[in-house]
Amino acid sequence: MKRSLSGLVVALSLFACKEEPRGALEPIPRPPGMKDTPDPAEAKAPAAPARPAVDPAKVTLRWKLAAGTPTAYRLTLEHTGRAPEAAEPEAEEKPSRGRKGRGKEKEEAPAEAKAPAPAVFVPTSLTFVMERTDSGDARLRVIPEGRGVPPEEDVGTLSERGFVLDGLQGMTRNTATLVLELPRDPVGPNDTWALGTELVSPDALGAYFQGPTPERRNRVKLAGLAPADGGEQVATVEYDLYELRTGKVRTLRKPAVVPAREGAEALQAGGSTESDVSAEVKITGRGEFLVKAGRWRSWEGTLSTVTKGPFPPAALQVPPGTMTLRLTALESAPPQPTAKPQP
């Protein structure tokens, strides 16, 4: 009897040791046919976004510049009309008090009012030289030619599509942009884009200019694509750029010396005058670009600039007057200028 009781106590003790702790979680059985652990080889990475399909009706226009082989063009600017001159502001009549007063006015007042405006030299041609540097960047050299034009060339950098990155300013930058910049994205027939031009600089108008928002039109169009020999494609590109800026410019007058009634000289207040001014710029053009060769086959255009009133000459970022523009490919690029010896 005692042995039976001892065996029962031992059995109960062993059962108590094997009892699972309270609160333990039991695994949920997986559905039939499902693997216990996923195979790492079958784990899939997140799918990359699908690239848009290339439209076969569109082309990418890019310059094909080879290292060590410059590509050069000459843009001729032929005047077909006289450059308009800004009208002189009307002079205000001043009181005259005898011969002495008229003499003072003649000697002092008109001396500064009729100071000659600085001459604006317009080249007859611009030579553009595009070349690859040792680092692979595209460099642009612009060489002006013409009577009275300083023979100093400008140097800038280009992107792969001919966008002027830096180094050029004013008229040189705009003319280079006009004939060298190509569209950023692939284009098809009747697609349009804009150029990075600034025909009239608002900063050069000065703080004394006031006017409404200018009228602008900046539209370049792929008029068509045509096949050519050797698998080449000819892209016909049309240009239509326009800007009209009108307003009033206030001119400050310096005090003038006039005789008083008692015969002594006195200062007359200078004050200011307002004049109506305007500038209208029109550019049209048409070119044929060889897609496979990456160069122009032909490019021609017209430019017309008309100013009225004392419009600031520095505000114009294109050559003044009416002229025909024609781009011609050169067989060889002009040599780089030799560095001047240091004194």
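Because the structure is a prediction, the values reported are computed rather than measured.

**Concerning the overall build of the protein**
For step 1, the next point in the chain: Tallying secondary structure elements over the protein gives three helices and 14 strands in all.
For step 2, the next point in the chain: Per-residue burial for the protein yields a buried fraction of 31% across its 343 residues.
For step 3, the next point in the chain: Considering only intrachain contacts with a sequence separation of at least 6, the fraction spanning at least 24 residues in the protein is 65%.
For step 4, the next point in the chain: Of the roughly 23,200 Å² of accessible surface on the protein, a fraction of 54% belongs to carbon and sulfur atoms.

**Digging into unusual backbone geometry**
For step 1, the next point in the chain: A positive phi angle, close to 75°, is found at asparagine 190, a residue other than glycine.
For step 2, the next point in the chain: Among the secondary structure elements, asparagine 190 is positioned in the loop between helix 3 (170-180) and strand 6 (192-193).

**Some remarks on the pattern of salt bridges**
For step 1, the next point in the chain: On inspection of all chains with the given rule, the structure shows 14 salt bridges.
For step 2, the next point in the chain: A salt bridge links lysine 58 to aspartate 191; the nearest nitrogen and oxygen atoms lie 3.7 Å apart. Here aspartate 191 lies in the loop between helix 3 and strand 6 and lysine 58 lies in the loop between helix 1 (2-17) and strand 1 (71-81), a separation of 133 residues in the sequence.
For step 3, the next point in the chain: Accessibility expressed as a relative area gives 36% for lysine 58, which makes it partly exposed.
For step 4, the next point in the chain: Two residues, arginine 161 and glutamate 181, come together in a salt bridge whose shortest N-O distance is 3.7 Å. With a gap of 20 residues between them, arginine 161 in the loop between strand 4 (154-158) and strand 5 (164-166) and glutamate 181 in the loop between helix 3 and strand 6 connect regions that are remote in the sequence.

**Some remarks on the environment of valine 142**
For step 1, the next point in the chain: Of note, valine 142 is situated in strand 3 (residues 138-145).
For step 2, the next point in the chain: What makes valine 142 buried here is its relative accessible area of 1%.
For step 3, the next point in the chain: Each C-alpha atom of the pair valine 142 and glycine 156 lies 8.2 Å from the other, and the pair is 14 residues apart in sequence.
For step 4, the next point in the chain: Ignoring sequence-local partners within four residues, the contact set of valine 142 consists of Leu126, Thr127, Phe128, Glu153, Asp154, Leu168 and Thr172.

**Considerations on the side chain of arginine 245**
For step 1, the next point in the chain: Note on placement: arginine 245 falls in strand 9 (residues 233-252).
For step 2, the next point in the chain: Ignoring anything within four residues of it in the chain, the contact list for arginine 245 reads Val200, Pro202, Leu205, Phe209, Pro214, Arg216, Val277, Ser278, Ala279 and Phe311.

**What about the pairing of strand 3?**
For step 1, the next point in the chain: A large share of strand 3 lies buried, amounting to six of its eight residues.
For step 2, the next point in the chain: Inspection of the sheet shows strand 2 (residues 125-132) paired to strand 3 by eight bridges, in the antiparallel sense. From the neighbouring strand, leucine 126 faces strand 3, where its bridge partner is proline 144.
For step 3, the next point in the chain: As paired elements, strand 3 and strand 4 share five bridges and run antiparallel to each other. The partner of valine 142 across the bridge, within strand 4, is aspartate 154.

**Regarding the packing of aromatic side chains**
For step 1, the next point in the chain: Applying the stated criterion across every chain yields a total of four aromatic pairs.
For step 2, the next point in the chain: With a centroid separation of 5.9 Å and 65° between ring planes, the pair formed by tryptophan 63 and tyrosine 73 is classed as edge-to-face. Note that tryptophan 63 is positioned in the loop between helix 1 and strand 1 and tyrosine 73 in strand 1, a separation of 10 residues in sequence. Pair check on accessibility: tryptophan 63 and tyrosine 73 agree, each one buried.
For step 3, the next point in the chain: Residues tryptophan 63 and phenylalanine 289 carry aromatic rings whose centres are separated by 5.5 Å and whose planes lie at 85° to one another, so their mutual orientation is edge-to-face.

Cut-offs used in this document
Residues numbered from 1 in each chain as written. Predicted model: local features only at pLDDT ≥ 70, side-chain atom pairs only at ≥ 80, totals over all residues. Heavy atoms only, no water. Helix = DSSP H or I, 4+ residues; strand = E, 2+ residues; numbered from the N terminus. Buried < 20%, exposed > 50% of the residue type's maximum accessible area, 1.4 Å probe, protein only. Contact = heavy atoms within 4.5 Å. Areas by Shrake-Rupley, 256 points an atom, 1.4 Å probe, with all protein chains shown as cover. Salt bridge = Lys/Arg side-chain N within 4 Å of Asp/Glu carboxyl O. Pairing = 2+ DSSP bridges. Phe/Tyr/Trp six-rings, centres within 6.5 Å; stacked < 30°, edge-to-face > 60°.

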